[in-house]
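Spelled out from the first residue to the last, the chains are:
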Number of protein chains: 2
Amino acid sequence: MLKLKCVEIDTYGENVAFLNRRCTPYRPEDFQALNKIEIIADGHRLLATLNIADDPEIVAPDEIGLSIAGFKRFGMPCGAAVSIIQAKPPASLDAVRQKINGEVLSADALYAIIEDIATHRYSKMEIAAFLVACAGFMTTDEVLGLTRAMASVGGRLEWGVEQVVDKHCIGGIPGNRTSMIVVPIVAAHGLPIPKTSSRAITSPAGTADTMEVLANVDVAVDDMRRIVRETNGCLVWGGHVNLSPADDILISVERPLGIDTREQLVASILSKKVAAGSTDLLLDIPIGPTAKVRSRADANRLRKLFEHIAQEIGIRVDVVITDGAEPIGRGIGPVLEARDVMAVLRNDPDAPADLRERAILLAGRVLEFDPKLTGGEGEDKARDILKSGAALAAMERIIAAQGRQTKSFPLGPLTHEVMSSADGVVGAIDCYRIARIARIAGAPIDKGAGIDLLKKVGDPVQAGEPIYRIHAHIKADFLFALNMAHENNGYAIVTADGPKAAHG
Amino acid sequence: MLKLKCVEIDTYGENVAFLNRRCTPYRPEDFQALNKIEIIADGHRLLATLNIADDPEIVAPDEIGLSIAGFKRFGMPCGAAVSIIQAKPPASLDAVRQKINGEVLSADALYAIIEDIATHRYSKMEIAAFLVACAGFMTTDEVLGLTRAMASVGGRLEWGVEQVVDKHCIGGIPGNRTSMIVVPIVAAHGLPIPKTSSRAITSPAGTADTMEVLANVDVAVDDMRRIVRETNGCLVWGGHVNLSPADDILISVERPLGIDTREQLVASILSKKVAAGSTDLLLDIPIGPTAKVRSRADANRLRKLFEHIAQEIGIRVDVVITDGAEPIGRGIGPVLEARDVMAVLRNDPDAPADLRERAILLAGRVLEFDPKLTGGEGEDKARDILKSGAALAAMERIIAAQGRQTKSFPLGPLTHEVMSSADGVVGAIDCYRIARIARIAGAPIDKGAGIDLLKKVGDPVQAGEPIYRIHAHIKADFLFALNMAHENNGYAIVTADGPKAAHG
């Protein structure tokens, strides 16, 4: 028997076990071929990838170490007596091999795979094998089976009402914080819209990061129910809800591999929405040269797959294809985005018009889900709710119900204005580049860091005139962001002689 | 800047870096999205997967740790000042993504991928993505490009002679140590046959493990040249030669995933042979219900791909399809196999006839590569060389040139005879099961552990008569092996009433 120890290494979610090379009760070589073991104690079992440690400070010869995530999942105390065996690979890996060999998987096989992934029985290598095999081809029935499996493994929200609406945007557009305007408009109208959002992983802000400038977003499921009961809406972080947990694990492998298929996207989004108890979903697909979806043809293919799968699993979906050619609003980064959102809700005359109009368009389409509304009335209704101040009031109720933010997040005090290098008109803004610079400046970890856009596409500019302002808190980040903007500031200026990329 | 430290964790070859969560010069969160970093110092660069440590004993906030393999590859001393940046994924990953999307890769793209894999720029997850994408489909041109790329990345042996022969067996048959008989026969005839072999990874013995019972196999390249010059042959471990290093890395991912495609097999074997400087290769493909290749149709498909690719890369290949229905010889495990091999070479009357005849068949086909031999003479010639004692003399010369083994490896003293449960005839022996029991008994780590087969297919047996003997050194292994044999001993006995699986 070995003594259990927590080795304080964070392996990004993967279960990793550590044995000393001079381990006494076992020979580590025996486990070398598959480098995966099963750890057993008192009815608890865990599959883990094996690493060998030479340093007895990490694990002694009579110990077994588990990485932080694995230790928590195993659920036994330090010092517990455990035994290990060569892990039997999860049975569902046979189905992965069938998929690799070009076979079509049954709904049951997909369910078994997703269940094993959600319970951390797959290594990242095995998850990659599954994802790449699926990227080769998937039938529509397989996408449906995958979506159903992902939705049914994990938690599920029930709202006890007939209609629960939601909106979702296929990301990639910086500053696109329409949810924080759509939710209060729809809630003010009276439709329940419990919105869970992610924090940013590769972008300078997720809706949860920006909402956190104004309110607590770290909300447990029971609290979420109360908030929606009181206000019809919420804007919370999805981390406590455990909806479609396999999705987060799949994404943690898709992202570094750059796997980005329509089928995975549809299964990912719809499985979360089914599990969240949504009945009606508005899906926003922005198209742009630097957005996630690059052409109308791609957007339509995506739309059709969404519509088909949504119908089969019983969610009403309305897809709106929007312009994703440039960032929405002016601020990029949590504090700056929260400023824009509140300006729109307060009907400030200098609130960014593009953010307002996009939010009204989307809120209008969500309101059309309400059977009591005459068809085509949605957008006018949304505009009325915003203009009347009812949306602002709803937002204030939501903030109060979630708990108003007690910390204050100042705008980054280190600032630099990036100038146009030519006279002309802004021809294009590279969403990807702008997001990258804002992130390097410190967003979203520093909520006050980011970029404030002073010119948008179509605006005339003169050489030496500021096109955007960089905000940061930390000197090193600030200089790194400046340097990056100097290399390529992401703006293309159209001069009298034709297009020209502005450089710092 | 961070101080470099070796974290004594063996990650099975993957470069893993460790940063403290409270790292002062950097924010670990900044690297979280891709969880891969590039480490830079003084012209040295290394890509590594990032893990975060909370325990300052593992890495302090001003340190960066590297796993054993990564530390060696980076080549800087402990305490060296290093900086880190977000790793740019290797450019060749774009080609992997193209392959995932169903495109055909050029020879250049395959070369770039293989070079990045061989220089440890891919994580296991990324290697899995490449392998699975290739398993979907590969054109013959892609297999050729892959084989060439694998052969040209790494070392290459030159022999300065016109003809260098080799033999290779597609594994899976326990006890099949024909190389140790074929090499001395061919060397005695006068053809150079420098054989490098692997140690067992999942089987109870590789040729290198068994040869090590008799001689040193841990031979550097220069020594290998001398040995072949002196004796025409060698039987050494391939670990020092660095032939097709990408192959070993690919196999370390293929094995746990159970990916086992024809295309990978052909590229793996032929790349190693090209790099080893072979001009003529005899390939043995055993077919059997528990062998690697299960049907004649599969064997023929494999043969054709071998022939095609071999021709394109300029290796003459002769494929022989053999019977792989049961283990070859009697002993399974290094000491027992070495005993059988030496019995055949010494022309002992009770040497296993199946091992002798298989070796003569294969050696004869290798001798047919000699243009001086009249076609069809090979097998008789091989038999003569063996009978005359010339093969034994050649083996003794090879052993002396490599260095006779100074350690003595006794046969495992713990023994147990497994009995037939019925009267009848041995109908089948499960190669996979027998290999597994021998391995559990301790082979190849304990060279004297293994299985001695007392009955082969076709032999009559009586209930209670021993069918094989288990040998072990360590009590726990011994009991575990017994237990496994008791569950299912791998023998099917055909009785008067029809087939019957014998159980203990």
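Each chain carries its own residue numbering, running from 1 in the direction its sequence is written. All chains are assigned letters beginning at A, and all ligands numbers beginning at 1, according to the order in which they are written. Local features in this predicted model are restricted to residues of pLDDT 70 or higher, and side-chain atom pairs are both shown and tallied only at a pLDDT of 80 or more, whereas totals for entire chains, interfaces and linings draw on every residue. Only hydrogens and water are set aside when side-chain values are computed; all heavy atoms of the structure are taken into account.

Visitor: Any chance you could explain the overall build of chain A here in plain terms?
Guide: Numbering of helices and strands runs from the N terminus; a helix is a DSSP stretch of H or I covering at least four residues, while a strand is a stretch of E covering at least two. A count of helices and strands for chain A gives 17 helices and 20 strands. Dimensions of chain A, computed from C-alpha atoms along their principal axes, come out at roughly 75 × 55 × 50 Å. Exposed residues in this analysis have more than 50% of their type's maximum accessible area, buried residues have under 20%, and partly exposed residues fall in between, with area computed by a 1.4 Å probe over protein chains only. Expressed as a percentage of its 504 residues, the buried residues of chain A come to 58%. By the convention used here, residues are in contact when the closest approach between their heavy atoms is within 4.5 Å. Excluding contacts between residues fewer than 6 apart, the proportion of contacts in chain A whose partners are at least 24 apart in sequence is 78%. Carbon and sulfur atoms make up 51% of the accessible area of chain A, which amounts to about 19400 Å² in all. His residues and chain termini do not enter the charge count, which takes Lys and Arg as positive and Asp and Glu as negative. A single reference atom marks each charge: NZ on Lys, CZ on Arg, CG on Asp, CD on Glu. Charge centroids of chain A, computed over 56 positive and 65 negative side chains, lie 1 Å from each other. Using a 1.4 Å probe, the Shrake-Rupley method yields the accessible areas, and only the shown protein chains count as cover for residues.

Visitor: Is there a simple way to think about the pattern of salt bridges in this case?
Guide: Close approach of charged atoms allows side chains with opposite charge to pair. All names here are of chain A. By definition here, a salt bridge exists when the distance from a side-chain nitrogen of Lys or Arg to a carboxyl oxygen of Asp or Glu is within 4 Å. With the rule as written, the count across this model stands at 76 salt bridges over all chains. Of the charged contacts in the structure, one is a salt bridge between glutamate 212 and arginine 199, with a shortest N-O distance of 2.9 Å. One end of the pair, glutamate 212, is in the loop between α7 (207-211) and α8 (221-231); the other, arginine 199, is in the loop between β9 (193-197) and α7, and 13 residues separate them in sequence. Given the relative accessible area of 17%, glutamate 212 is considered buried. Each member of the salt-bridge network shares a partner with another, and the members are Arg339, Asp340, Glu417, Asp452 and Arg469.

Visitor: When you look at the sheet that holds strand β12 (residues 316-323) of chain A in this model, what are you seeing that I'm missing?
Guide: Working definition: the strands of a sheet are paired by backbone hydrogen bonds and lie parallel or antiparallel to each other. All names here are of chain A. Pairing is parallel across the open sheet formed by 3 strands, whose spatial order is β8-β11-β12. Sheet topology places β8 (165-169) and β12 at the edges, where each strand pairs with a single neighbour. On average, each strand axis in the sheet is inclined to that of its neighbour by 20 degrees, with strand direction left out of account. Strands pair, by our definition, only if DSSP identifies at least two bridges between them. Here β8 runs beside strand β11 (residues 280-287); their pairing, made up of 5 bridges, is parallel. Within β11, the position partnered with cysteine 169 by the bridge is aspartate 284. For helices, the fitted line uses only the C-alpha atoms of the stretch in contact; every axis is such a line through C-alpha atoms, and the angle between N-to-C directions lies from 0 to 180 degrees.

Visitor: How do you make sense of the sheet that holds strand β14 (residues 414-419) of chain A when you look at a structure like this?
Guide: Residues and elements named next belong to chain A. Read across the open sheet, the 4 strands follow the order β13-β16-β18-β14; overall the sheet is antiparallel. Edge positions in the open sheet fall to β13 (331-332) and β14, since each of these has one partner strand only. Summarising the sheet, β14 and strand β18 (residues 466-472) pair through 6 bridges and their orientation is antiparallel. Across the sheet, glutamate 417 pairs through a bridge with arginine 469, a residue of β18.

Visitor: Could you clarify how one ought to interpret the interface of chain A and chain B in this entry?
Guide: Where interface size is quoted, it is often the accessible area lost as the parts come together. Contact residues are listed per partner, giving 50 residues for chain A and 50 residues for chain B. Of the roughly 4200 Å² buried where chain A meets chain B, counting both sides, 61% is carbon and sulfur surface. Remark: the boundary between chain A and chain B carries 6 salt bridges. Here Asp477(A) and Arg27(B) are joined by a salt bridge, their closest N and O atoms 2.8 Å apart. What qualifies as a polar contact is a pair of N or O atoms within 3.5 Å, subject to a donor-acceptor requirement within protein and to the restriction that residues adjacent in sequence count only when both atoms come from side chains. In this assembly, chain A and chain B are joined by 11 residue pairs in polar contact (both at pLDDT 80 or more). When two components associate, each loses some accessible surface as probed by a 1.4 Å sphere; the sum of these losses over both components is called the buried area.

Visitor: Sorry, what's going on with the relation of the copies chain A and chain B here?
Guide: Note: a rotation about an axis with an accompanying shift along it relates these two copies of the chain. Copies are brought into register by a least-squares superposition over C-alpha atoms of residues with pLDDT of at least 70 in both. Turning chain A through 180 degrees and shifting it by 0.0 Å along the axis lays it on chain B, with an RMSD of 0.1 Å. In short, the pair behaves as if placed about a two-fold rotation axis. When C-alpha positions in chain A are compared against the rotation axis, the closest is assigned to Met125(A), at 2.1 Å. Here 100% of the contact residues of chain A are again contact residues in chain B; the copies associate through an equivalent surface.

Visitor: Honestly, the environment of Pro466(A) in this entry has me stumped. Any pointers?
Guide: All names here are of chain A. Looking at the element boundaries, proline 466 is found in strand β18. Looking at proline 466, the relative accessible area reads 22%, which means it is partly exposed. Sequence separation between proline 466 and glutamate 57 is 409 residues; the distance between their C-alpha atoms is 56 Å. Beyond its immediate stretch of four places on either side in the chain, proline 466 contacts Glu417, Val418, Met419, Leu454 and Lys455.

Visitor: Quick question: what am I supposed to make of the domain arrangement of chain A here?
Guide: Residue and element names in this part refer to chain A. As assigned here, chain A comprises domain 1 (2-86), domain 2 (165-239 + 272-402) and domain 3 (414-501). Domains are outlined according to an automatic or database domain assignment. Inter-centroid distance (C-alpha atoms) of domain 2 to domain 3 is 26 Å. If you look at the interface, domain 2 gives 28 residues, while domain 3 gives 20 residues. Both sides of the domain 2 and domain 3 interface together cover about 1700 Å² of buried area, and 59% of this is carbon and sulfur. The tally of links between domain 2 and domain 3 comes to 3 salt bridges. The shortest N-O distance in the salt bridge between lysine 456 and aspartate 354 comes to 2.5 Å. If you look at where domain 2 meets domain 3, you find 12 residue pairs in polar contact (both at pLDDT 80 or more). Every element with two or more residues in the side of domain 2 that touches domain 3 is listed here: β13 and α12 (334-345). A per-element tally of the side of domain 2 that touches domain 3 places α12 first, with 4 residues. Of the residues contributing to the side of domain 2 that touches domain 3, the split by class is 14 nonpolar, 8 polar and 6 charged. Throughout this entry, Asp, Glu, Lys and Arg are counted as charged residues, while Ala, Val, Leu, Ile, Met, Phe, Trp, Tyr, Cys and Pro are counted as nonpolar. The remaining residues, Gly among them, count as polar.

Visitor: Even after reading the chapter, I still don't get the pairing of strand β1 (residues 2-6) of chain A, so can you show me in this structure?
Guide: Residue and element names in this part refer to chain A. Both β1 and strand β7 (residues 81-86) contribute to a ladder of 2 bridges, which runs antiparallel. Note on β7: the bridge partner recorded for lysine 3 is alanine 81. For β1 and strand β6 (residues 63-66), the ladder comprises 4 bridges, and the chain directions are parallel. Residue cysteine 6 lies in a different strand from β6, and its bridge partner there is leucine 66.

Visitor: What should I look at first to understand the environment of Asn176(B) in this one?
Guide: Locating Asn176(B) in the fold gives a position in the loop between β8 (165-169) and α6 (179-189). A C-alpha to C-alpha distance of 8.9 Å links Asn176(B) and Thr207(B), two positions 31 residues apart in sequence.

Visitor: Please clarify how the packing of aromatic side chains should be interpreted in this entry.
Guide: Two measures describe an aromatic ring pair: the distance that separates the ring centres and the angle between the ring planes. Residue and element names in this part refer to chain A. Paired rings are identified among Phe, Tyr and Trp, the last through its six-membered ring, by centres lying within 6.5 Å, and are further divided according to the angle between planes into stacked (under 30 degrees), edge-to-face (over 60) and tilted (the rest). Within the structure shown, the criterion is met by 2 aromatic pairs over all chains. Between tyrosine 468 and tyrosine 491 the ring centres are 5.6 Å apart and the planes differ by 40 degrees, which places this aromatic pair in the tilted class. Separated by 23 residues along the polypeptide, tyrosine 468 in strand β18 and tyrosine 491 in strand β19 (residues 491-495) bring together distant segments of the chain. Neither residue differs from the other here; tyrosine 468 and tyrosine 491 are each classed as buried. Note on criteria: charge over ring means Lys NZ or Arg CZ within 6 Å of the ring centre, with the direction from the centre no more than 35 degrees off the ring normal. The lysine or arginine in question, lysine 447, covers the ring of phenylalanine 409, its NZ or CZ lying 5.7 Å from the ring centre.

Visitor: Just to check I follow, could you spell out the nonpolar core for this structure?
Guide: One broad trend across soluble globular proteins is that nonpolar side chains are buried collectively. Counting residues in hydrophobic clusters, the biggest one holds 117 residues, and the most contacted among them are Ile114(A), Ile117(A), Phe130(A), Ile114(B), Ile117(B), Phe130(B) and Ile285(B). If sequence neighbours within four positions are ignored, Ile117(A) has contacts with Tyr122(A), Ile127(A), Phe130(A), Ala246(A), Ile249(A) and Leu250(A). Nine residue types can take part in a nonpolar core, namely buried Ala, Val, Leu, Ile, Met, Phe, Trp, Tyr and Cys, and a core is a set of them joined through side-chain atoms within 4.5 Å.

Visitor: For this particular structure, what's the right way to read the confidence of the model for chain A?
Guide: Close reading of the predicted structure is inappropriate where its pLDDT is low. Confidence of the predictor at the level of single residues is captured by pLDDT, which takes values from 0 to 100. Across chain A, the average pLDDT comes to 93, with 98% of residues at 70 or higher. Predicted complex metrics record ipTM = 0.84 and pTM = 0.87.

Visitor: How should the state of the cysteines be read in this particular structure?
Guide: Such a bond, covalent and formed between the sulfur atoms of two cysteines, is termed a disulfide. All names here are of chain A. Here, the term disulfide refers to a pair of cysteine sulfur atoms separated by no more than 2.5 Å. This structure, assessed with the given rule, holds 0 disulfides over all chains. Cysteine 6 forms no disulfide, and the closest cysteine sulfur to it belongs to cysteine 78, at a distance of 6.3 Å. A disulfide-free cysteine, cysteine 234 has its sulfur positioned 18 Å from the sulfur of cysteine 169, the nearest such atom.

Visitor: Please explain unusual backbone geometry as it appears in this structure.
Guide: For residues that are not glycine, phi is negative in most cases, and the peptide bond is trans in most cases. Cis geometry is adopted by the peptide bond preceding Pro444(A), which originates at Ala443(A) and carries an omega value of 5 degrees. The residue Pro444(A) is located in the loop between α16 (431-440) and β16 (450-453) in this model. One non-glycine residue, His120(A), adopts positive backbone phi at about 60 degrees. Note that His120(A) resides in the loop between α3 (107-118) and α4 (124-136). Phi is positive for Asn232(B), close to 70 degrees, though the residue is something other than glycine. Relative to the helices and strands, Asn232(B) is located in the loop between α8 (221-231) and β10 (233-237).

Visitor: Would you take a moment to explain the side chain of Thr261(B) for this structure?
Guide: Residue and element names in this part refer to chain B. Here threonine 261 shows up in the loop between α9 (245-257) and α10 (262-275). With a relative accessible area of 16%, threonine 261 lands in the buried category. Among the polar contacts made by the side chain of threonine 261, one reaches the main-chain amide nitrogen of glutamine 264 at a distance of 3.2 Å.

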